[in-house]
Amino acid sequence: MNTSSASTGKLISFEGLDGAGKTTQIELLTRWLDKRGVAYLNTREPGGTPLGVELRHLLFERDELNITPLAEAFLFQADRAQHFSTLVLPALEAGTLVITDRCFDASIAYQGFARNVGPELVAKLSLIATQGHIPDLTILLDLNPEVVSRRIDPANDQSGLRAAPSRFDSESEVFHQRVRQGFRLIARAHPARIKVLEAARTAAEIHREIVGLVEPLL
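Nothing here was measured: the structure is a model prediction, and the numbers come from that model.

S.K.: Any chance you could explain the overall build of the chain here in plain terms?
M.R.: For the chain, the count of helices and strands is 8 helices and 5 strands. Put simply, the chain runs from its N terminus to its C terminus through helices and strands in the order β-α-β-α-α-β-α-α-β-α-α-β-α. Considering only intrachain contacts with a sequence separation of at least 6, the fraction spanning at least 24 residues in the chain is 80%. As presented, the chain carries roughly 10400 Å² of accessible surface, and 54% of it is formed by carbon and sulfur atoms.

Right under this line is the structure:
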């Protein structure tokens, strides 16, 4: 298996339930990198490429399609294959730091564990899609689904910036508990790469911890 350490650049992924604070922490990290003049690519899965934008629309907004768990798994892998081939791997080869909102582990947690497709199968598919590359560092923002559900409730959105609830947001709390458990199991199996951060703290506290994890990679 190859990893992104074989390339000049480094790959950092952010994981966790939607509403756990990934967007906020990525924004804080990119501001920190900007101040230090560090070149980086900020991207996401799905949706980091033109094809990914179309796939994201199908996966997140088209409830009426009744996408099956296995079909869902393959659609995410199609996005990942395009993402890595056309965007992530060229950036890494150019020596650029790549920051992605979701990557390899999200599919294992969501489709592998929560959708019961099978974590081993999904991991194998992900390695094919990434051409054998895995993140150098994965930051897992861990938060109880009960707290997440309150955060993503439109009635509690004071900013007006939160996107409309997706097909995944409408899943049961049991589903999100399975996703969380899946992420925790993956983190337990790969403690050197995946760092679990308690996401119920202030954004500033979490950011300081993330900086401490990222600095050694630069």
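S.K.: What is the right way to read the sheet that holds strand β4 (residues 137-142) from this model?
M.R.: The strands making up a sheet associate through hydrogen bonds between their backbones, and the pairing can be parallel or antiparallel. A sheet is described by the order of its strands in space; here 5 strands give the open sequence β2-β3-β1-β4-β5, paired in parallel fashion. Of all strands in the sheet, those bounded by a partner on one side alone are β2 (40-44) and β5 (194-198). Within the sheet, the average angular offset between the axes of one strand and its neighbour, ignoring direction, is 20 degrees. Inspection of the sheet shows strand β1 (residues 11-16) paired to strand β3 (residues 97-101) by 4 bridges, in the parallel sense. Within β3, the residue paired with Phe 14 across the bridge is Asp 101. Here helix α7 (residues 173-189) sits on the sheet and contacts β1, β4 and β5; the angle it forms with β4, its principal contact strand, is near 140 degrees.

S.K.: Can you help me understand the packing of helix α4 (residues 104-114) against α7 in this one?
M.R.: Packed helices, taken two at a time, are described by the angle their axes make and the gap between the axes. Orientation of α4 relative to α7, taken along the N-to-C sense of each, is 130 degrees, at an axis distance of 8 Å. One element, α4, and the other, α7, form an angle in the oblique class. The handedness of the crossing between α4 and α7 comes out as right-handed. Contacts between α4 and α7 involve Asp 105, Ala 106, Ile 108, Ala 109, Tyr 110, Phe 113 and Ala 114 on the former and, on the latter, Phe 175, Arg 178, Val 179, Gly 182, Phe 183, Leu 185 and Ile 186. Residue composition of the contact of α4 with α7, grouped by class: 11 nonpolar, 1 polar and 2 charged.

S.K.: Sorry, what's going on with the nonpolar core here?
M.R.: Nonpolar side chains tend to gather and get buried jointly when the protein is soluble and globular. Formed by 50 residues in total, the largest nonpolar core has its most connected members in Phe 14, Leu 29, Ile 139, Val 179 and Ile 210. When neighbours within four sequence positions are excluded, Ile 210 is seen to be in contact with Phe 14, Gln 25, Leu 29, Ile 139 and Leu 197.

S.K.: Is there a simple way to think about the environment of Arg 167 in this case?
M.R.: Tracing the backbone shows Arg 167 in the loop between α6 (145-152) and α7. Residue classification places Arg 167 among the buried residues on the basis of a relative accessible area of 9%. A sequence separation of 108 residues divides Arg 167 from Leu 59, and the C-alpha atoms of the two residues are 7.5 Å apart. Excluding its chain neighbours within four sequence positions, the residues that come into contact with Arg 167 are Leu 59, Phe 60, Arg 62, Asp 63, Ile 67, Glu 72 and Arg 115.

S.K.: In this structure, what is going on with the confidence of the model for the chain? I would like to understand it.
M.R.: On average, residues of the chain carry a pLDDT of 91, and 89% of them reach 70 or more. Below a pLDDT of 50 lies the segment residues 1-7, which in the model reaches 22 contacts outside its immediate sequence neighbourhood of four places, other chains included. Of the regions scoring below 50 in pLDDT, residues 158-162 engages in 4 contacts with residues more than four places distant in sequence or in other chains.

Reading the values: rules and limits
- Residues numbered from 1 in each chain as written.
- Predicted model: local features only at pLDDT ≥ 70, side-chain atom pairs only at ≥ 80, totals over all residues.
- Heavy atoms only, no water.
- Helix = DSSP H or I, 4+ residues; strand = E, 2+ residues; numbered from the N terminus.
- Contact = heavy atoms within 4.5 Å.
- Areas by Shrake-Rupley, 256 points an atom, 1.4 Å probe, with all protein chains shown as cover.
- Pairing = 2+ DSSP bridges.
- Axes fitted to C-alpha atoms, helices over the stretch in contact; angles between N-to-C directions.
- Parallel < 35°, antiparallel > 145°, perpendicular 65-115°, else oblique.
- Left-handed = near helix turned anticlockwise from the far one by under 90°.
- Nonpolar A, V, L, I, M, F, W, Y, C, P; charged D, E, K, R; others polar.
- Core = buried A, V, L, I, M, F, W, Y, C linked by side-chain atoms within 4.5 Å.
- Buried < 20%, exposed > 50% of the residue type's maximum accessible area, 1.4 Å probe, protein only.
- pLDDT = per-residue confidence, 0-100.

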